[in-house]
Amino acid sequence: MTSFSYWDTAIIIGMVVVYIVITSIISIRLRSRNSEEFMVAARSMPVFVVAILLMSEFIGAKSTVGTSQEAFSAGIAASWSVIAASVGFLLFGLFMAKRSYSSGEFTISGFIAKKYGKGAKLIVSAIMIYALFLVNVGNYISGAAAISTVMRINLPTAAIITAIVSTIYFAWGGLKSVAYLTIVHSAFKLIGIAILVVVAWRLTGGVAPMIQAMPEHYFTWSGNLSGGKIGAWIIGTAGAIFSTQFIIQAISATKSPEAARSSTLVAAVLCLPIAIALGFLGVAAKYLFPSINSLYALPVFLQHMHPLLAGVVTTSLVASIFVSVSTVALAIASLIVKDFYVPRYNPTPDVEFRMTRWISLLVGLVPLVFVLFVPQILALSFFTRALRLTVSVVALIGIYLPFFNSNRGAIAGMILATIATTAWYLLDNPFGIDNMYIALLTPAIVIVLEKLLFSSGQSAKARIEIPSKAH
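All of these numbers come straight from a predicted model, not from anything done at the bench.

Q: Help me understand the overall build of the protein chain, please; the structure alone is not making it clear to me.
A: When helices and strands are counted, the protein chain shows 18 helices and zero strands. Per-residue burial for the protein chain yields a buried fraction of 57% across its 471 residues. Counting contacts in the protein chain only where the partners sit at least 6 residues apart, residues at least 24 apart contribute 85% of the total. Just so you have it, the protein chain exposes about 18500 Å², and 70% of that area is on carbon and sulfur atoms.

Q: Help me understand the nonpolar core in this model?
A: Looking at soluble globular proteins, one finds that nonpolar side chains tend to be buried together. Phe-89, Phe-92, Phe-301 and Met-305 are the most contacted members of the largest nonpolar core, which totals 103 residues. The element that contributes the greatest number of residues to this core is helix α13 (residues 257–288), accounting for 13 residues. Setting aside chain neighbours within four positions, we find Phe-89 in contact with Leu-54, Met-55, Phe-58, Ile-241, Ile-247, Thr-264, Leu-265, Ala-267, Ala-268 and Cys-271.

Q: Sorry, what's going on with the packing of helix α14 (residues 307–345) against helix α15 (residues 349–365) here?
A: Between two packed helices, the angle of one axis relative to the other and the distance separating the axes together describe the packing. Interhelical geometry of α14 versus α15 gives an angle of 130° and a closest axis separation of 9 Å. In terms of orientation, α14 and α15 fall into the oblique class. For the crossing formed where α14 meets α15, the hand is right-handed. Contact residues: α14 offers Ala-329, Ile-332, Ala-333, Ile-336, Val-337, Lys-338, Tyr-341 and Val-342, while α15 offers Val-351, Glu-352, Met-355, Thr-356, Ile-359, Ser-360 and Val-363.

Q: I'm lost on the pattern of salt bridges in this one. Help?
A: Oppositely charged side chains are able to pair whenever their charged atoms sit close together. Applying the stated criterion across every chain, the model contains five salt bridges. Glu-258 is paired through a salt bridge with Lys-98; the nearest N and O atoms lie 3.8 Å apart. Of this pair, Glu-258 sits in helix α13 while Lys-98 sits in helix α6 (residues 97–102), placing them 160 residues apart in sequence. Looking at Lys-98, the relative accessible area reads 30%, which means it is partly exposed.

Q: Teacher, can you tell me more about the confidence of the model for the protein chain here?
A: The predicted coordinates ought not to be read in detail in places where the model reports low pLDDT. Mean pLDDT for the protein chain: 83, with 86% of residues reaching 70 or above. Taken element by element, the predicted model of the protein chain shows its lowest mean pLDDT in helix α2 (residues 35–40) (55) and its highest in helix α10 (residues 207–213) (95).

Q: I tried to follow the packing of helix α5 (residues 80–95) against α13 on my own but got confused; where do I start?
A: Orientation of α5 relative to α13, taken along the N-to-C sense of each, is 170°, at an axis distance of 7 Å. As far as their axial angle goes, α13 and α5 are roughly antiparallel. Here Val-82, Ile-83, Ala-85, Ser-86, Phe-89, Leu-90, Phe-92, Gly-93 and Leu-94 of α5 lie close against α13, whose contacting residues are Arg-261, Thr-264, Leu-265, Ala-267, Ala-268, Cys-271, Leu-272, Ala-275, Ile-276 and Leu-278. Among the residues forming the contact of α5 with α13, the class breakdown is 15 nonpolar, three polar and one charged.

Q: Honestly, the environment of Pro-402 in this entry has me stumped. Any pointers?
A: Summarising the element assignment, Pro-402 is placed in the loop between α16 (377–400) and α17 (407–426). Residue class for Pro-402 comes out exposed when judged on its relative accessible area of 52%. Taking C-alpha positions, Pro-402 is 8.9 Å from Lys-115, a pair spaced 287 residues apart along the chain.

Q: How should I be thinking about the side chain of Thr-421 in this particular structure?
A: Tracing the chain through its elements places Thr-421 in helix α17. Dropping the residues within four chain positions of it, Thr-421 is found in contact with Phe-383, Ala-386, Leu-387, Asn-435, Ile-438 and Ala-439.

Q: What am I meant to see in the environment of Thr-421 here?
A: The class of Thr-421 is buried, set by a relative accessible area of 0%. The spatial distance from the C-alpha of Thr-421 to the C-alpha of Asp-434 is 9.3 Å, given a sequence separation of 13 residues.

Q: Got a minute to help me understand helix α11 (residues 227–243) in this structure?
A: The periodicity of an α-helix, 3.6 residues per turn, causes residues three or four positions apart to be oriented the same way. In this model α11 runs 24 Å from its N-terminal to its C-terminal C-alpha over 17 residues, within 8% of the 24 Å that 1.5 Å per residue would give. In terms of burial, α11 is a largely internal element, 12 of the 17 residues being buried. Among the residues of α11, those classed as buried are Ile-230, Gly-231, Ala-232, Trp-233, Gly-236, Thr-237, Ala-238, Gly-239, Ala-240, Ile-241, Phe-242 and Ser-243.

Q: Looking at this model, I keep getting lost on the side chain of Ser-316. Mind explaining?
A: Tracing the backbone shows Ser-316 in helix α14. In this structure Ser-316 comes out as buried when scored by relative accessible area, which is 2%. Of note is the side chain of Ser-316, whose polar atom sits 2.5 Å from the backbone oxygen of Val-313. Here Ser-316 is in contact with Phe-188, Lys-189 and Gly-192, once residues within four sequence places are set aside.

Q: Any chance you could explain unusual backbone geometry here in plain terms?
A: A negative phi angle is the norm for most residues apart from glycine, just as the trans form is the norm for most peptide bonds. Notably, Asn-346 is not glycine yet its phi reads approximately 45°, a positive angle. Following the sequence through the fold, Asn-346 ends up in the loop between α14 and α15. In the Ramachandran plot, Phe-431 falls in the positive-phi region, its phi being about 60° despite a non-glycine side chain. Within the secondary structure, Phe-431 sits in the loop between α17 and α18 (435–470). We classify Phe-431 as exposed; its relative accessible area is 76%.

Q: Mind showing me how you'd approach a nonpolar patch on the surface here?
A: Among the surface-exposed residues, Leu-441, Ile-445, Val-448, Leu-449, Leu-452, Leu-453 and Phe-454 lie close enough to one another that they form a single nonpolar patch of about 650 Å² accessible area. Examined against the element boundaries, Leu-449 turns out to sit in helix α18.

Q: Just checking my understanding: could you explain the packing of aromatic side chains for this structure?
A: Centre distance and the angle of the planes are the two values used to describe a pair of aromatic rings. Overall, the coordinates contain eight aromatic pairs when judged by the stated rule. Consider the rings of Trp-424 and Phe-431, whose centres lie 6.4 Å apart with planes at 45°: the pair is tilted. By relative accessible area, Trp-424 is classed as buried at 19%. One Lys or Arg, Arg-344, reaches over the ring of Tyr-345 and ends 5.0 Å from the middle of that ring. The ring of Phe-382 is capped by Arg-385, whose NZ or CZ atom sits 4.6 Å from the centre of that ring.

Cut-offs and rules
- Residues numbered from 1 in each chain as written.
- Predicted model: local features only at pLDDT ≥ 70, side-chain atom pairs only at ≥ 80, totals over all residues.
- Heavy atoms only, no water.
- Helix = DSSP H or I, 4+ residues; strand = E, 2+ residues; numbered from the N terminus.
- Buried < 20%, exposed > 50% of the residue type's maximum accessible area, 1.4 Å probe, protein only.
- Contact = heavy atoms within 4.5 Å.
- Areas by Shrake-Rupley, 256 points an atom, 1.4 Å probe, with all protein chains shown as cover.
- Core = buried A, V, L, I, M, F, W, Y, C linked by side-chain atoms within 4.5 Å.
- Axes fitted to C-alpha atoms, helices over the stretch in contact; angles between N-to-C directions.
- Parallel < 35°, antiparallel > 145°, perpendicular 65-115°, else oblique.
- Left-handed = near helix turned anticlockwise from the far one by under 90°.
- Salt bridge = Lys/Arg side-chain N within 4 Å of Asp/Glu carboxyl O.
- pLDDT = per-residue confidence, 0-100.
- Nonpolar A, V, L, I, M, F, W, Y, C, P; charged D, E, K, R; others polar.
- Expected span 1.5 Å × (residues − 1).
- Polar contact = N/O pair within 3.5 Å; in protein donor to acceptor, adjacent residues only side chain to side chain.
- Patch = residues over 30% accessible without salt bridge, like charges linked within 9 Å, V, L, I, M, F, W, Y side chains within 5 Å.
- Phe/Tyr/Trp six-rings, centres within 6.5 Å; stacked < 30°, edge-to-face > 60°.
- Lys NZ or Arg CZ within 6 Å of the ring centre and 35° of its normal.

In structure tokens, the structure reads:
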């Protein structure tokens, strides 16, 4: 094991600082100059750039560290947490991308409003802000875990550094800058994961020694996970992709409906190799360091490589953090501005642009208050996807089952589903039922019951009133 000296640590920190400075300069040069560039990059982004952006949204710091953490105990089957993103992007590309792009809306709440009205729009926006806020809480703590391992600082300090730097990125640059910087960040992230896999492979001697020494479940398709859990991951991730604000916003930045679909299909392919790599790292950490805290299943390998390589990997983790935090915070800021600030104050374009940046700064810093209260990262991640799944169910009912297009049912369904899903998560999934299934079924049940009960009552009232008018 490499015990980094203060000089080694200084080198690693120096590499991270140089990276931040260089990418900050790029951010300044590519900064958005008006609200349209800030929100949708003037609809000018190439397919591959948007695909990288989409992939990085669902495989950021939280998923990177969280998947390896889960694999530490569950086995390589934890890769399903990321493979689920491939499934979700595939389905979104086939059934939703072109329709969403053609709607002309770049917020999920705006899309919902066309089906259910303004009241539903505000509820969707509030649910999405709540879910994405929790996403960034998880991003901060997982990113801080990686940074603190090498830099010898505590988690709160590392989280503060994460928040300040990433907030400057997105608040200054907007979607146009974030999108192109994501290519740089993602390249570093992939290099970092590759280095970690090579180091882990050399330390373990490959997969064969681990198979011989470890319990069988570490190398089966389901590990010690239940089929219900894996199913919940797939359903939740697919549902989150269908409704996550930043996904809608990112594909809206492409040049055409066909380009929007292509970007999601490319993202589906990109997720697969990363999923296997992250699962392998978690299993290797369990094999080599069975007594460590599972949160450090991925960062622990930093201490077993040359300081220069550790610097590259640390930089890659920092890059992953910046992508995750920036894209999520940008989505939150967009919802607040378009659904609450603009309708209330009707500002001029210049004032709107200026206030968007101030709101973005606040959005980037508030999650710091909650970073010390995060339990299992992956559990939090999928809870936030469950919340977004609720919105997806309502949206899909509005599109494919227009008979149930009831504003009252949609609003009641989303509110009750959000409350029930949150309670189920806080109660640690009673009866072994994952909160994902609560999020999936509750809005559908409420919408159907509302339609059957109230519509039948209204029909009966209409039948009574018609004869009376005749007389």
